[in-house]
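Okay, here's what each chain looks like letter by letter:
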Amino acid sequence: LSERLQETIQKIKGKGKVTEQDVKAMMREVRFALIEADVNLKVVKEFVKNVSERAVGSDVMKSLTPGQQVIKIVQDELTNLMGGEQSPIQFNNKPPTVIMMVGLQGAGKTTTTGKLANLIRKKYNRKPLLVAADVYRPAAIQQLETLGKQLSIPVFSMGTEVSPVEIARKAIDQAKEEHNDVVIIDTAGRLHIDEELMQELKDIRAIKEPDEIFLVVDAMTGQDAVNVANNFNEALGITGVVLTKLDGDTRGGAALSIRSVTEKPIKFIGMGEKMDALEPFHPERMASRILGMGDMLSLIEKAQAQVDEDKAKELEEKFKTQSFTFDDFIEQLQQVKKMGPLDEILKMIPGVNKMKGIENVQVDDKQMGHLEAIIYSMTKEEKTNPDIINSSRKKRISKGSGRPIQEVNRLLKQFEDMKKMMKQMTGMSAGKGKKKMKM
Ligand code: GDP
Ligand code: MG
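Source: prediction; values computed, not measured.

Novice: Pulling in residues and values, what's your account of the overall build of the protein chain?
Specialist: Across its full length, the protein chain carries 19 helices and eight strands. Residue burial in the protein chain is summarised as follows: out of 439 residues, 50% are buried. Once local pairs closer than 6 in sequence are excluded, the contacts in the protein chain between residues at least 24 apart make up 75%. Element-wise, carbon and sulfur atoms account for 48% of the exposed surface of the protein chain, whose accessible area totals about 21,700 Å².

Written out as structure tokens, the structure is:
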């Protein structure tokens, strides 16, 4: 998990209760974040639906760490969306394994061909042969040959005069003779998909059914990458996707959509121009990365802040109408608990720090536990209407909470002070039309 995610989990962990409304607000933000990250709309809908269904389940609501659970669900569903598990290369047990690289011009086919050969040699200890089947641009052949030289991996080429189909056939023959157990064919791309290109690719495919047809797509192209993947898949039947340029400033939405739109796994990601910048795609890690990079998580936080703000408004109304009760008080205590020491919070509220009576509201964490105990020992009526708490009631509350009677008295006094103070405050800020009370 990324550091950022950890941090946020720490923050949300304290959330003692997640209501359906919380989840709704969260999902609104998640939905927005996904759309902004260029994730396919249908995918977003499905995703939000799945997460919401799971998140409002009673298990989550009743769990001790609902905030964390919701994050876990978001992460799980993101992982599922991207295929769940890492999808390995399919090797043919009768060599050579044939891998065909296809995709639009500039997507990163030639570069990825080199990277993939490098990875296959290193990780699987195999002997790849690279095939220069992009005959439309002389530079393309040169580019592959240069990479081959750099990696000391053989490159098969026949110049630009021979058809790609012929080149591929001869290359596979040579691989058998020279005991190259993997053949990676770098094909030509176009700026747009066209019939001619597809026909050529189908002809190459027909020589010897490839074990893998990897579509190389540029992650920077966002939604377009998904459309391209869909088209190639329909025309050619790809077996997997390599998403390149994820090292760049991409919003990453393509990674989320491709799998669910094409039902073909992302197998590798390109993380740079160098020959070692190709990584197996791990859906779970990507999910963490997305959450970590986390516009999403900060938005979740924002959504929660929003919920708190709504509560604050509601509260303000109660102060104004003098209907603030001990039930509200304890809810506030719980909210405040996760924000930090109460006196410091109060001091952060404009105006309060200069207010008389603030020194009476100093509360630390341990004391807060005591306050809770006292309040929980009150009857519903007492909580709503503390004025009725006479000395015999005080005694009973003291006994019930295990706190001395002076403490009960002090709390009642504090509660009254607080009510007065809040009334003053809301009165003050109402005039300015801006009330950013965070408690
Ligand atoms: P092709 O036309 O599909 O063969 O694309 P190329 O392999 O020639 O790549 C096009 C450009 O993208 C080149 O400048 C590559 O260096 C660059 N490129 C490819 N993959 C990546 C990647 O994962 N990250 C970055 N930053 N650049 C890449
Ligand atoms: Mg190329």
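Novice: Describe helix α8 (residues 164-178), and please don't skip the residues or the numbers.
Specialist: Taking 1.5 Å of rise per residue, 15 residues should cover 21 Å, and α8 covers 21 Å from first to last C-alpha, within 8% of that figure. The elements touched by buried residues of α8 are β1 (97-102), β2 (128-133), β3 (155-156), β4 (182-187) and α9 (195-207). Of the residues flanking the end of α8, it is histidine 179, one or two places downstream, whose phi is positive at about 60°.

Novice: If you had to explain the nonpolar core to someone new, which residues and values would you point to?
Specialist: If you look at the biggest cluster of nonpolar residues, it comprises 62 residues, and the most contacted ones within it are Phe47, Phe232, Leu243 and Ile258. For phenylalanine 47, the residues in contact, after removing those within four places along its chain, are Val30, Leu34, Val74, Glu77, Leu78 and Leu81. Core analysis: the second largest hydrophobic core is formed by 23 residues, Ile89, Ala132, Ile141 and Val242 among them.

Novice: Now, about the site of ligand 1: what can you tell me, with residues and values included?
Specialist: Neighbouring residues of ligand 1: 18 residues in total, closest Gly106, Lys109, Thr111, Asp247 and Glu273. Within the backbone of glycine 106, one N or O atom sits 2.7 Å away from an oxygen atom of ligand 1. Take threonine 110: an N or O atom from its side chain is 2.8 Å from an oxygen atom of ligand 1. About the coverage of ligand 1: the protein hides 80% of its 580 Å² of free accessible area. Per-element accounting of the shell around ligand 1 gives the leading share, four residues, to helix α6 (residues 109-124). Across the shell around ligand 1, the residue classes break down as three nonpolar, nine polar and six charged.

Novice: Break down unusual backbone geometry for me, citing the residues and quoting the values.
Specialist: Following proline 95, the chain continues to proline 96 via a peptide bond in cis, the omega torsion being 5°. Take proline 96: it is sitting in the loop between α5 (66-81) and β1. One non-glycine residue with positive phi stands out, namely histidine 179, at about 60°. Tracing the backbone through its elements, the reader meets histidine 179 in the loop between α8 and β4.

Novice: Which residues make up the environment of valine 226, and what values go with them?
Specialist: Mapped onto the secondary structure, valine 226 falls in helix α10 (residues 223-236). For valine 226, the residues in contact, after removing those within four places along its chain, are Ala254, Ser257, Ile258 and Val261.

Novice: With reference to specific residues and values, describe the pattern of salt bridges.
Specialist: Working definition: two side chains of opposite charge can pair if their charged atoms are close together. Under the definition given, this model contains 14 salt bridges. Across the salt bridge formed by arginine 137 and aspartate 134, the nearest N and O atoms sit 3.6 Å from each other. For arginine 137, a relative accessible area of 37% translates into the label partly exposed. The salt bridge partner of glutamate 166 is arginine 169, with a shortest N-O separation of 3.2 Å. Within this pair, glutamate 166 and its partner arginine 169 are both found in helix α8, separated by three residues, close to a single helical turn. For glutamate 166, a relative accessible area of 27% puts it in the partly exposed group. Taking the relative accessible area as the measure of exposure, arginine 169 reaches 38% and is therefore partly exposed. When salt bridges that share partners are traced, they join Arg54, Asp76 and Glu77 into one network.

Novice: Quick rundown of the packing of α10 against helix α11 (residues 253-262)? Include the residues and the values.
Specialist: Here α10 crosses α11 at 25°, and the two axes come no closer than 9 Å. One way to sum up the angle between α10 and α11 is to call them roughly parallel. The crossing of α10 and α11 is right-handed. Side by side, α10 and α11 meet where Ala225, Val226, Ala229, Asn230 and Asn233 of the first sit next to Ala254, Ser257, Ile258, Val261 and Thr262 of the second.

Novice: Break down the packing of α6 against helix α7 (residues 138-151) for me, citing the residues and quoting the values.
Specialist: At a closest axis distance of 9 Å, the pairing of α6 and α7 adopts a crossing angle of 25°. For the element pair α6 / α7, the angle class is roughly parallel. In the crossing of α6 with α7, the sense of the turn from one axis to the other is right-handed. Residue-level inspection shows Thr110, Thr111, Thr113, Gly114, Asn118 and Arg121 of α6 in contact with α7, the latter providing Ala140, Gln143, Leu144, Leu147 and Leu151.

About the criteria used
Residues numbered from 1 in each chain as written. Chains lettered and ligands numbered in written order. Predicted model: local features only at pLDDT ≥ 70, side-chain atom pairs only at ≥ 80, totals over all residues. Heavy atoms only, no water. Helix = DSSP H or I, 4+ residues; strand = E, 2+ residues; numbered from the N terminus. Buried < 20%, exposed > 50% of the residue type's maximum accessible area, 1.4 Å probe, protein only. Contact = heavy atoms within 4.5 Å. Areas by Shrake-Rupley, 256 points an atom, 1.4 Å probe, with all protein chains shown as cover. Expected span 1.5 Å × (residues − 1). Core = buried A, V, L, I, M, F, W, Y, C linked by side-chain atoms within 4.5 Å. Near = heavy atom within 4 Å. Polar contact = N/O pair within 3.5 Å; in protein donor to acceptor, adjacent residues only side chain to side chain. Nonpolar A, V, L, I, M, F, W, Y, C, P; charged D, E, K, R; others polar. Salt bridge = Lys/Arg side-chain N within 4 Å of Asp/Glu carboxyl O. Axes fitted to C-alpha atoms, helices over the stretch in contact; angles between N-to-C directions. Parallel < 35°, antiparallel > 145°, perpendicular 65-115°, else oblique. Left-handed = near helix turned anticlockwise from the far one by under 90°.

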